[in-house]
2 protein chains.
Amino acid sequence: MQLNSGILFKLENIVGQSFVFTDEETRNHYGHDETEDYVFPPHVVVKPSSAKEIAEILKIANQYKIPVVPIGARTGLSGGALSVQGGIGLSMERFNKILSIDEQNLQVITEPGVITQVLREAVSEKGLFYPVDPSSMGSCFIGGNVAENAGGARAVKYGVTKDYVLNLEVVLPTGDIIWTGANTLKNSTGYNLTQLMVGSEGTLGIVTKIVLKLLSKNTHNVLMLVPFYKANEACEAVSAIFRAGIVPSALEFMERDAIDWALEFIEGLSVQVKPEIQAHLLIEVDGNYPEILMVDAEKIMTVVEQFQIDDILFADTEDEKKALWKMRRSIAEAVKANSIYKEEDTVVPRYELPKLLEGIKSIGKKYGFKSVCYGHAGDGNLHVNIIKGTLSDQEWNTEITKGIREIFELTVSLNGTLSGEHGIGYVQKEYMDIAFSKTHLELMERIKFVFDPNGILNPGKILP
Amino acid sequence: MQLNSGILFKLENIVGQSFVFTDEETRNHYGHDETEDYVFPPHVVVKPSSAKEIAEILKIANQYKIPVVPIGARTGLSGGALSVQGGIGLSMERFNKILSIDEQNLQVITEPGVITQVLREAVSEKGLFYPVDPSSMGSCFIGGNVAENAGGARAVKYGVTKDYVLNLEVVLPTGDIIWTGANTLKNSTGYNLTQLMVGSEGTLGIVTKIVLKLLSKNTHNVLMLVPFYKANEACEAVSAIFRAGIVPSALEFMERDAIDWALEFIEGLSVQVKPEIQAHLLIEVDGNYPEILMVDAEKIMTVVEQFQIDDILFADTEDEKKALWKMRRSIAEAVKANSIYKEEDTVVPRYELPKLLEGIKSIGKKYGFKSVCYGHAGDGNLHVNIIKGTLSDQEWNTEITKGIREIFELTVSLNGTLSGEHGIGYVQKEYMDIAFSKTHLELMERIKFVFDPNGILNPGKILP
């Protein structure tokens, strides 16, 4: 595929010359995200500022069958924003306005290029709460969260991105612009295109406006770090906490290595961990009544004390809470700093976590790899970081793939699936046959065709 | 379309002779639901008992292009289960088993023909909670709830059916059987066919197994009935309660007539209502700590006391609570007993409720009809019962349709949509152009075609 000067000229006419880039540096910059070390630069980077401009771009791309990849903040972990077939890299960074915060209806209308943390803070200033908090929230775009159906630590109580998206403005490859639903909490009016669009990774349309449901802010929380002598017992404690009638606002699992690497990675954090500790649970409860939170915390203590644990660390101050969360959120970066790795985003019903963890370790032994596991255990969502360490490139590129396949087969056999919150994107699509039958994959392909008959939108993603 | 004896013989071979019915009585019985007075009997009623049997039936229907309408408990309010083009009426009543209640993962796997209340009680015995409670829950099927994305009084806090469906077993017209997702709380693995199926009213596939998320049961609640001198102030109070940071577990609006008719309809209910009262709010808060519920109730009182209200009635005993809920849940039947009527299921962002109510009344004046409004105001979901009363058949069939169109235009202009929880089915499909552009409707048609290229599944529904 070649982008000739005629097409570049048309693109410049649409967005203005200063928002079309063909230099190598810019193309490379927009050619990677946080997925391993992949770089797939687009042929041209275009930075539109309105749905109308995107509609014009898509019409041209559709006519000339040029791939178009929507690019957010490039924090994705499945390669969703990589221009694997080149074409037009559609940077959404100029869609950076929060259009309205509706305090009467507890809703926000935002453009997709707003940083999630910025959105959270803006609504927080009005006493409102957008709960979805991916680890990358300080830099990721809300549009990327919609594309990948991002989760985060608070999903266990508050749900994931899809649970907050009420309505989307979407540009289709034809240049038509639709709203997928209505700005209502309930909707039984035709097929749910809103939920079809969420998590579709930019393969069905380009999202240009997002209507999100908001909550009232909870005023208090209690945060505790529980060290377990046995990792499988930490996993068992997860479902036991729910069975005791508690719904924590966060319930995170961290293997020993994860916490060690994070502590090395961040300066000035002082958490003492005994050598015998295999795993930690980071547990938070939130609400408006501190005395009730203490009752909940005591119930949690009663549950975890049935297992072999060391002293529970309660975060007494806001600074201590921030430090613990920083530790948790730094794990991905810490792993990255330590070794080449592949990250899988397994998810199972939460009671199956001990079986999943045990299985992963035994698959690791079989194929000779070390893994560092952590994640949103309350949702049954375990991030598996497979470490290259001293493996040869040959082993890394062949044997490990077999091992990953076995991990996903195990996940699916436990009634789970391939990705809880990162999406399939480029790197997991070769495993889709494990989770879906041929019939099912064909349905997805045909749905893709309904929206995008020429296959221009983010080609080479999701479907094998 | 004629069902010849050869096809009947094949159907008998699949499900057994005793589960195929062509007599007029049975056909008429399965030819109506709770939607006005419509009767559209299928040519034949078939009662399969397994997904495999349904697969065989669909293969035949697909080959001979025979309509197939899945029929649940026929409590629907949009005509979703009516065999408007005849064909095979596929009664799901033999799919009446709860297959497993998973106390470890807080999930239930059920067949679709289980009565919603039966399911709620079965999980409740294990200390678990399935919160979705449509007014018809004592007789409707959970499968019908999935088909229409049913809501109910507790949706305001707990969400609607779609928020609990994790995974569905679905038979496609080809006879293929797929699971749409995984039994996990989070899922970013390909297009969300689960949510596409929920609310698709049996037009994309036949659901044969349902995996639902469950919650832990809350132990306490407080219920109060607040009489308002002005109906618009009752509507205004709704969003004010949320803005005060309260999330009630139910927040129901009832116009004066609704409550009067319900009180007439039910024997032995003694609620005294002053003549000047125009509307009531029925408000519930729930949780595990009675003292906190009292704090919440006091906050609610502070809010509603800013409006012109009469004495608040607190339900002190379980019997009083039951009586108030019985009153609320009997409104639909009471209206039905009073007059021929049409029910619309409007939904708007909740702060727009006063404008919606006012607009409905003024449209009623213009077209000369009386309306009785009530519903799940906390969700902005207002059921509008348009009363025939003394209108001529001529007026009823022409003028009223224009009036309904204006109501929906108003709803959509307030960022709302046609149906909050009843579905579009047969009776609202002619209004779909108000909510959706031609492009959007074409997308829905093409999605329908992906699943059902011969158009055999519940034809004549949803799409105009």
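Residues numbered from 1 in each chain as written. Chains lettered and ligands numbered in written order. Predicted model: local features only at pLDDT ≥ 70, side-chain atom pairs only at ≥ 80, totals over all residues. Heavy atoms only, no water.

Chain A goes by Glycolate oxidase in an unreviewed UniProt entry, where it is assigned to Flavobacterium lacus. UniProt, in the comment section headed Cofactor (unreviewed entry), describes chain A in these words: "FAD". (UniProt positions renumbered as here; feature names shortened; annotations may be inferred.)

Draft legend 1. Molecular detail of the overall build of chain A. Looking only at helices and strands, chain A has 17 helices and 18 strands in total. The globule rule puts the C-alpha radius of gyration for 464 residues at 23 Å, and the 22 Å found for chain A is close to it. The principal-axis extents of the C-alpha atoms in chain A amount to approximately 70 × 60 × 45 Å. Put simply, chain A has 464 residues, and 62% of those count as buried. Counting only contacts in chain A whose residues sit at least 6 apart along the sequence, the fraction spanning at least 24 positions is 73%. Looking at chain A as shown, the accessible area adds up to about 16,700 Å², and 48% of this sits on carbon and sulfur atoms. (Helix = DSSP H or I, 4+ residues; strand = E, 2+ residues; numbered from the N terminus. Rg over C-alpha atoms; globule rule 2.2 N^0.38 Å. Buried < 20%, exposed > 50% of the residue type's maximum accessible area, 1.4 Å probe, protein only. Contact = heavy atoms within 4.5 Å. Areas by Shrake-Rupley, 256 points an atom, 1.4 Å probe, with all protein chains shown as cover.)

Draft legend 2. Molecular detail of the nonpolar core. If you look at the biggest cluster of nonpolar residues, it comprises 182 residues, and the most contacted ones within it are Phe253, Val304 and Phe451 of chain A together with Phe253, Val304 and Phe451 of chain B. Once residues lying within four places of it in the same chain are set aside, the contact partners of Val304 of chain B are Val226, Phe228, Ala237, Ile241, Ile283, Ile309 and Ile312 of chain B. (Core = buried A, V, L, I, M, F, W, Y, C linked by side-chain atoms within 4.5 Å.)

Draft legend 3. Structural context of the domain arrangement of chain A. All names here are of chain A. Per the domain assignment, the segments of chain A are domain 1 (5-94), domain 2 (98-216), domain 3 (220-332) and domain 4 (339-439). Listed per partner, the contact involves nine residues of domain 2 and eight residues of domain 4. Summed over both sides, the interface between domain 2 and domain 4 buries roughly 590 Å², with carbon and sulfur atoms accounting for 41% of that surface. Taken as a group, Glu148, Val156 and Glu201 account for 54% of the area that domain 2 buries against domain 4, more than any other trio of residues on that side. Run the count over domain 2 and domain 4 and you get zero salt bridges. Across the contact surface, domain 2 and domain 4 share four residue pairs in polar contact (both at pLDDT 80 or more). Residues of the side of domain 2 that touches domain 4, tallied by class, amount to four nonpolar, three polar and two charged. (Domains from an automatic or database assignment. Buried area = accessible area lost by both parts, 1.4 Å probe. Salt bridge = Lys/Arg side-chain N within 4 Å of Asp/Glu carboxyl O. Polar contact = N/O pair within 3.5 Å; in protein donor to acceptor, adjacent residues only side chain to side chain. Nonpolar A, V, L, I, M, F, W, Y, C, P; charged D, E, K, R; others polar.)

Draft legend 4. Geometry of the relation of the copies chain A and chain B. Each copy superposes on the other: chain A lies on chain B with an RMSD of 0.0 Å after a rotation of 180° and an axial shift of 0.0 Å. Look at the turn and shift together and you get a two-fold axis relating the two. Taken together, the interface assignments show that 100% of the residues at the interface of chain A recur at the interface of chain B, consistent with an identical surface on both copies. (Least-squares fit on C-alpha atoms with pLDDT ≥ 70 in both.)

Draft legend 5. Summary view of the side chain of Asn458 of chain A. All names here are of chain A. Relative to the helices and strands, Asn458 is located in the segment after helix 17 (438-451). Judged by relative accessible area, Asn458 falls into the buried class, the value being 1%. Polar side-chain contacts of Asn458 include one of 2.8 Å to the backbone oxygen of Glu201. Those residues in contact with Asn458, other than ones at most four positions away along the chain, are Val68, Val69, Pro70, Gly80, Leu82, Glu201, Gly202 and Thr203.

Draft legend 6. Structural detail: the packing of aromatic side chains. On inspection of all chains with the given rule, the structure shows 14 aromatic pairs over all chains. An angle of 90° between the planes, with centres 5.5 Å apart, marks the rings of Tyr38 of chain A and Tyr426 of chain A as edge-to-face. Of this pair, Tyr38 of chain A sits in the loop between helix 2 (24-29) and strand 2 (44-46) while Tyr426 of chain A sits in the loop between helix 15 (399-413) and helix 16 (432-435), and the two are 388 residues apart along the sequence. An angle of 70° between the planes, with centres 5.1 Å apart, marks the rings of Phe40 of chain A and Tyr426 of chain A as edge-to-face. Residue Phe40 of chain A is found in the loop between helix 2 and strand 2, and its partner Tyr426 of chain A is found in the loop between helix 15 and helix 16; the two are separated by 386 residues along the sequence. Between the NZ or CZ atom of Arg154 of chain A and the centre of the ring of Trp325 of chain A, over which it lies, the distance is 4.5 Å. Its guanidinium or amino end placed over the ring of Phe19 of chain B, Arg94 of chain B lies 3.4 Å from that ring's centre, counting from NZ or CZ. (Phe/Tyr/Trp six-rings, centres within 6.5 Å; stacked < 30°, edge-to-face > 60°. Lys NZ or Arg CZ within 6 Å of the ring centre and 35° of its normal.)

Draft legend 7. Broad picture of the interface of chain A and chain B. Facing the 82 residues of chain A at the interface are 82 residues of chain B. Taken together, both faces of the contact between chain A and chain B bury some 6,400 Å²; the carbon and sulfur share is 60%. Considering only the side of chain A, the residues that lose the most area to chain B are Lys186, Ser188 and Tyr191 of chain A, jointly responsible for 15% of the buried surface there. Linking chain A with chain B are four salt bridges. Here Lys186 of chain B ties to Asp379 of chain A by a salt bridge, and the two come within 3.5 Å at their closest N and O atoms.

Draft legend 8. Quick look at the packing of helix 8 (residues 231-243) of chain A against helix 10 (residues 290-304) of chain A. All names here are of chain A. Here helix 8 crosses helix 10 at 135°, and the two axes come no closer than 9 Å. Taken as axis vectors, helix 8 and helix 10 run oblique relative to one another. Crossing of helix 8 over helix 10 shows right-handed handedness. Listed contacts from helix 10 to Ala237, Ala240 and Ile241 of helix 8 are Ile300, Val303 and Val304. Taken together, the residues of the contact of helix 8 with helix 10 sort by class into six nonpolar, no polar and no charged. (Axes fitted to C-alpha atoms, helices over the stretch in contact; angles between N-to-C directions. Parallel < 35°, antiparallel > 145°, perpendicular 65-115°, else oblique. Left-handed = near helix turned anticlockwise from the far one by under 90°.)

Draft legend 9. A look at the sheet that holds strand 9 (residues 177-179) of chain A. Residue and element names in this part refer to chain A. Pairing is antiparallel in the open sheet, where five strands are placed in the order 5-6-10-8-9. Bordering the open sheet on either side are strand 5 (98-102) and strand 9, each of which pairs with just one other strand. Going from strand to strand, the sheet's axes swing by 10° on average, the running direction of each strand aside. Direction of pairing for strand 5 relative to strand 6 (residues 107-110): antiparallel, over a ladder of four bridges. The residue of strand 6 that forms the bridge with Ile101 is Val108. On top of the sheet, helix 3 (residues 51-64) reaches strand 8 (165-171), strand 9 and strand 10 (206-213); it is set at about 50° to strand 8, its chief contact. (Pairing = 2+ DSSP bridges.)

Draft legend 10. Representation of the environment of Tyr289 of chain B in the model. Residue position: Tyr289 of chain B is located in the loop between strand 14 (279-287) and helix 10 (290-304). Measuring from C-alpha to C-alpha, the distance between Tyr289 of chain B and Thr219 of chain B comes to 8.0 Å, with 70 residues separating the pair along the chain. Sequence-distant contacts of Tyr289 of chain B, that is, excluding residues within four places in its chain, are made with Ile292, Val295, Asp296 and Lys299 of chain A. Reaching out from Tyr289 of chain B, the side chain makes a polar contact with the side chain of Asp296 of chain A at a distance of 3.1 Å.

Draft legend 11. Fine view of the sheet that holds strand 18 (residues 381-387) of chain A. Residue and element names in this part refer to chain A. Read across the sheet, seven strands follow the order 15-12-14-13-17-18-16 without closing on themselves; strand pairing throughout is antiparallel. Single-partner strands in this sheet number two, and they are strand 15 (313-314) and strand 16 (341-347). The sheet contact formed by strand 12 (residues 220-228) and strand 14 (residues 279-287) spans nine bridges and is antiparallel. Paired with Phe228 across the bridge in strand 14 is Ala279. Lying over the sheet, helix 11 (residues 318-329) contacts strand 12, strand 13 (250-255), strand 14, strand 15, strand 17 (370-376) and strand 18, oriented at roughly 55° with respect to strand 12.

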